[in-house]
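Breakdown of the fold
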Amino acid sequence: MKKIIFFSSIAALLLMASCHKDNRGNNDGYVSNLTFWTASNCSPNPITVTINGQSSIMSDYFPNVVPGCGTQGCANFNLGAGSYSYSATNGDTTWTGTVSVDKGSCTLQQLFCSTGNVTFWVDSAANNIQVTMGGGAANITTAFPTTTPTCGTAGCASFTLHPGTYAYTAITSANIGYTGSVRVGNDSCTLVKLY
């Protein structure tokens, strides 16, 4: 009877050992960690990354430090070794590319945020108009009665922002106000003339 119990115990241990999942994934390689991150706040919307039929949300950004694999706020994946195509979007910007993952490794893939420029201008008395948009403020101090300025021209109120739609307000020294919204595109230059 003791031999049967002993044999049954050994058989149970062997069965448990064969069912134990160790960290192996595809292609008989180890599962690798892949983490997508960004150093700047690309927009108020989180970034959804999709790779190999899986999606993960990047809800934070890391301006002062490179995060490690698996860091909360990053888009994290566990994949077997190989080369993968990915796509990511926050509703305003789309990223696509390919990333290679080595067996048993930690791979960090940074997404870079593009910006666009919005420049506010007037063609008559500037009167030091203060424009507020995207959490910042700038002043129009020069009028352009005969020419149209370009983005970033001195004397205009210029903003560099990540893609998205932004509300703005402008107040003249005579308390005349303007309000509206403007869409910022990737690597764009948008001129807004205040009348």
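Structure's up top.
Residue positions are given per chain, counted from 1 along the sequence in the order it is written. Reporting in this predicted model follows two pLDDT cut-offs: at least 70 for local features of residues, and 80 or more for side-chain atom pairs to be given and counted; totals over whole chains, interfaces and linings ignore these cut-offs and use all residues. For the side-chain quantities, the full set of heavy atoms in the structure was used; hydrogens and water were omitted.

Some remarks on the packing of aromatic side chains
Aromatic contacts are taken between Phe, Tyr and Trp rings whose centres are within 6.5 Å, Trp giving its six-membered ring; a plane angle under 30 degrees counts as stacked, one over 60 as edge-to-face, and the others as tilted. Under the defined criterion, the tally for this structure stands at four aromatic pairs. When the centroid spacing of 5.9 Å and the interplanar angle of 85 degrees are considered together, the rings of Phe36 and Phe77 count as edge-to-face. Here Phe77 lies in strand S4 (residues 75-79) and Phe36 lies in strand S1 (residues 32-37), a separation of 41 residues in the sequence. Summarising the aromatic geometry, the rings of Phe120 and Phe159 are spaced 5.9 Å apart at their centres and angled 90 degrees between planes, so their arrangement reads as edge-to-face. Here Phe120 is found in strand S8 (residues 116-121), whereas its partner Phe159 is found in strand S11 (residues 157-161), with 39 residues between them in sequence. Three exposure classes are used, based on accessible area relative to the maximum for each residue type with a 1.4 Å probe and protein chains only: buried under 20%, partly exposed in between, and exposed over 50%. Residue classification places Phe120 among the buried residues on the basis of a relative accessible area of 0%. Each helix is a run of DSSP H or I of at least 4 residues and each strand a run of E of at least 2, with the numbering of both proceeding from the N terminus.

Concerning the pairing of strand S12 (residues 164-171)
Because side chains alternate across S12, one face comprises the buried residues Gly164, Tyr166, Tyr168 and Ala170, and the other comprises Thr165, Ala167, Thr169 and Ile171, none of which is buried. By definition, two strands form a pair when at least two bridges between them are found by DSSP. The pairing of S12 with strand S13 (residues 177-184) spans eight bridges and is classified as antiparallel. Residue Thr165 lies in a different strand from S13, and its bridge partner there is Arg183. What sits between S12 and S13 in their antiparallel hairpin is a turn of five residues, with Asn175 showing a positive phi close to 60 degrees.

Notes on the state of the cysteines
A pair of cysteine sulfur atoms is labelled a disulfide when the two atoms are within 2.5 Å. This model, assessed by the stated rule, comprises three disulfides. With its sulfur 1.5 Å from that of its partner, Cys42 forms a disulfide with Cys113. Here the residue Cys42 occupies a position in the loop between S1 and strand S2 (47-51), and Cys113 occupies one in the loop between strand S7 (106-110) and S8, the gap between them amounting to 71 residues. You'll find Cys42 and Cys113 in the same group, each marked buried. Residue pairing for Cys151: its cysteine sulfur links by disulfide to Cys189, the two sulfurs lying 2.0 Å apart. Between Cys151 and Cys189 the sulfur-sulfur dihedral comes to about 100 degrees; the bridge is accordingly right-handed. Taken together, the positions of Cys151 in the loop between strand S10 (136-140) and S11 and Cys189 in strand S14 (residues 189-193) put the pair 38 residues apart, joining distant regions of the chain.

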